[in-house]
Amino acid sequence: MTQQTQAAASNANAPSNAGARNPVLEVKDLSVSYGKVEALTNASLTVGEGQIVTVIGPNGAGKTTMLSAIMGVLGSKGRVAFDGTLEVVPEVERMVARGMNLVPEKRELFGEMSVEDNLILGAFQRYRMGKRDHAQTLEEVYALFPRLKERRDQHAGTMSGGERQMLAVGRALMAKPKLLMLDEPSLGLAPLIVREIFRIISELRRRGVSILLVEQNARAALQVADYAYVLETGQIAMQGPAHALADDPRVIEAYLGFGGKHQAMLST
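Because the structure is a prediction, the values reported are computed rather than measured.

Colleague: An account of empty space enclosed by the protein is needed here, citing residue identities and associated values.
Modeller: The tally for this structure, following the rule as stated, stands at one cavity of 30 Å³ or more. The space that makes up the largest cavity amounts to roughly 40 Å³. Every residue lining the largest cavity is listed: Phe-145, Met-166, Val-169, Leu-182, Pro-185, Ile-197, Ile-200 and Ile-201. At the level of secondary structure, the elements contributing two or more residues to the lining of the largest cavity comprise helix H8 (161-173) and helix H9 (191-206). Here the lining of the largest cavity takes three residues from H9, the largest share from any one element. Among the residues making up the lining of the largest cavity, the classes are represented as eight nonpolar, no polar and no charged.

Okay, here's the thing in structure tokens:
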């Protein structure tokens, strides 16, 4: 890695993803407080059209808080511009209607409902807006996740962790989002399933979906992403093209500490 590339990767104050074409999401100086405790401080990031942008960092760094604030689940200070429009106070229903969707870490499926009913619920907002294309969208989701089609009548609560994650992503895709935000999609999944999830994330980009990916599995996230941010104690500590950060030892230090065991885990 050249000194110039290292400098670009490590400069947290550099232009935020300046190479992004047609920004779908531009976040400037986003801050979130829980009472007197500031969980996120002046965080800025950009997601370009057709890009996968990842935010990596340790537990408690503020990654989920950032996604929740962008989506309007949490109150925040700062600027969130989505698809060219400044959202002064982001609101969940409006963001979904405009084409933003979040797959939360806990997936939040309806366990007593069938796979297909969970998916159809994902199109509810579009249906309310008078759009009647959910049957076609459902077939598109089934083409992407054949396992969901096989289990369309099965209760969501009886599925494996990997299948539930696929269902959560599929339900979000039923809203036909311009930007899909994924919070720890690999959490608790077996390695084979993790690889499948990241393959699907790459396929979604190929289909034109912009993705903001929050992940603790730094190695996998950096392999699939175009641009990356390292979030540490509520602040952007590093940023740069994902390929420039992928082999930088400082990313390993910022994410997992100095332990050799953890570095080995990161690279597998």
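Colleague: Quick one: what's the story with the environment of Gly-234, residue by residue and with numbers?
Modeller: Relative to the helices and strands, Gly-234 resides in the loop between strand E9 (227-232) and strand E10 (235-241). Residue Gly-234 is classed as buried on the basis of its relative accessible area, which comes to 1%. Along the primary structure Gly-234 and Ala-43 are separated by 191 residues, whereas in three dimensions their C-alpha atoms are 7.8 Å apart.

Colleague: Can you break down helix H6 (residues 134-144) residue by residue, with the values?
Modeller: Given 3.6 residues per helical turn, the α-helix brings residues three or four places apart onto the same face. Within the span of H6, buried status applies to Thr-137, Leu-138, Val-141, Tyr-142 and Leu-144. Seen along its axis, H6 keeps its buried residues to an arc of 160°; they face one direction. Opposite its buried face, H6 presents the exposed residues Ala-135, Gln-136 and Ala-143, each directed more than 90 degrees away. For H6, the elements touching its buried residues are helix H4 (115-121), helix H7 (146-150), H8 and H9.

Colleague: Could you give an account of unusual backbone geometry, with specific residues and numbers?
Modeller: If you check the backbone angles, Asp-83 has positive phi at about 55° while not being a glycine. Mapped onto the elements of the fold, Asp-83 is located in the loop between strand E4 (77-82) and strand E5 (85-87). Exposure remark for Asp-83: the relative accessible area of 35% places this residue in the partly exposed category.

Colleague: Break down the pattern of salt bridges for me, with residues and values.
Modeller: Counted according to the given criterion, the structure contains 14 salt bridges. Lys-63 is the partner of Glu-184 in a salt bridge, and the nearest nitrogen-oxygen pair spans 3.9 Å. Separated by 121 residues along the polypeptide, Glu-184 in the loop between strand E7 (179-183) and H9 and Lys-63 in helix H2 (residues 63-71) bring together distant segments of the chain. Given a relative accessible area of 4%, Glu-184 falls into the buried group. Here Arg-199 makes a salt bridge to Glu-196, at a shortest N to O gap of 2.8 Å. One end of the pair, Arg-199, and the other, Glu-196, are both in helix H9, three residues apart, so they sit about a helical turn from each other. Arg-199 sits in the partly exposed class, given a relative accessible area of 42%. One continuous salt-bridge network, built from bridges that share partners, spans Glu-87, Arg-94 and Arg-98.

Colleague: Report on a nonpolar patch on the surface, specifying residues and quantitative values.
Modeller: Taken together, the side chains of Leu-86, Val-88 and Val-89 present a nonpolar region at the surface, about 300 Å² in accessible area. Looking at where Leu-86 falls in the secondary structure, it is placed in strand E5.

Colleague: Could you give me a rundown of the sheet that holds strand E1 (residues 23-34), with the residues and numbers involved?
Modeller: In a beta sheet, neighbouring strands pair by backbone hydrogen bonds and run either parallel or antiparallel. Taken together, the four strands give an open sheet; going across it, the order is E2-E1-E4-E5, and neighbouring strands pair in antiparallel fashion. What marks the edges here is a single partner per strand, and that holds for strand E2 (37-48) and E5. Geometrically, the sheet is characterised by an average inter-axis angle of 20° between neighbouring strands, direction not taken into account. Bridge count between E1 and E2: eight bridges; the pairing is antiparallel. Counted as the bridge partner of Val-32 is Leu-40 from E2. Lying on the sheet, H2 is in contact with E1, E2 and E4; it crosses E1 at an angle near 115°.

Colleague: Quick rundown of the sheet that holds strand E3 (residues 52-56)? Include the residues and the values.
Modeller: Spatially, E6-E7-E8-E3-E9-E10 is the arrangement adopted by the six strands of the open sheet, whose pairing is mixed. One side of each edge strand has no neighbouring strand; the edge strands of this open sheet are strand E6 (100-103) and E10. Taken over all neighbouring pairs, the strand axes of this sheet differ in orientation by 15° on average, direction set aside. Bridge count for E6 against E7 is four bridges, and the pairing is parallel. Looking at E7, one finds that Val-103 is bridged to Leu-182. The strands touched by H2 are E3, E6, E7, strand E8 (210-215), E9 and E10; relative to E7, the strand with the most contacts, the crossing angle is about 150°. Running over the sheet, H8 touches E6 and E7 and is turned about 170° from E6.

Definitions and cut-offs
- For every chain, the first residue of the written sequence is number 1, and numbering continues from 1 onward in sequence order.
- Owing to the predicted nature of the model, reporting of local features is limited to residues with pLDDT of at least 70; listing and counting of side-chain atom pairs is limited to 80 or more, with chain, interface and lining totals taken over all residues.
- Neither water nor hydrogens contribute to the side-chain values; these are computed over all heavy atoms in the structure.
- Using a grid of 1 Å spacing that covers the protein atoms alone, one calls a set of points a cavity when a 1.4 Å probe fits there but cannot get out, and a pocket when the set is open and has protein on both sides within 12 Å along at least five of seven lines; lining residues are those with an atom within 4 Å of a point.
- Grid points are joined across faces, edges and corners, and a volume is the space filled by probe spheres set on the points.
- A run of H or I in DSSP counts as a helix once it spans at least four residues, and a run of E counts as a strand once it spans at least two, with each numbered from the N terminus.
- Residues are grouped as follows: Ala, Val, Leu, Ile, Met, Phe, Trp, Tyr, Cys and Pro are nonpolar; Asp, Glu, Lys and Arg are charged; every other residue, Gly included, is polar.
- Think of it in three bands: with a 1.4 Å probe and only protein chains considered, a residue is buried below 20% of the maximum accessible area for its type, exposed above 50%, and partly exposed in between.
- The arc in question is the one traced by the directions running from the helix axis out to the C-beta atoms.
- Between two residues, a contact is recorded if the distance between any of their heavy atoms is within 4.5 Å.
- We define a salt bridge as a contact between a side-chain nitrogen of Lys or Arg and a carboxyl oxygen of Asp or Glu at a distance within 4 Å.
- Patch membership requires over 30% relative accessible area and the absence of a salt bridge. Like charges are linked within 9 Å, and nonpolar side chains (Val, Leu, Ile, Met, Phe, Trp, Tyr) within 5 Å.
- To be clear on the numbers: accessible area is Shrake-Rupley with a 1.4 Å probe, and residue cover counts the displayed protein chains and nothing else.
- Paired strands, in this sense, are two strands between which DSSP finds at least two bridges.
- All axes here are fitted lines through C-alpha atoms, helices being fitted over the stretch that makes contact, and every angle between N-to-C directions spans 0 to 180 degrees.

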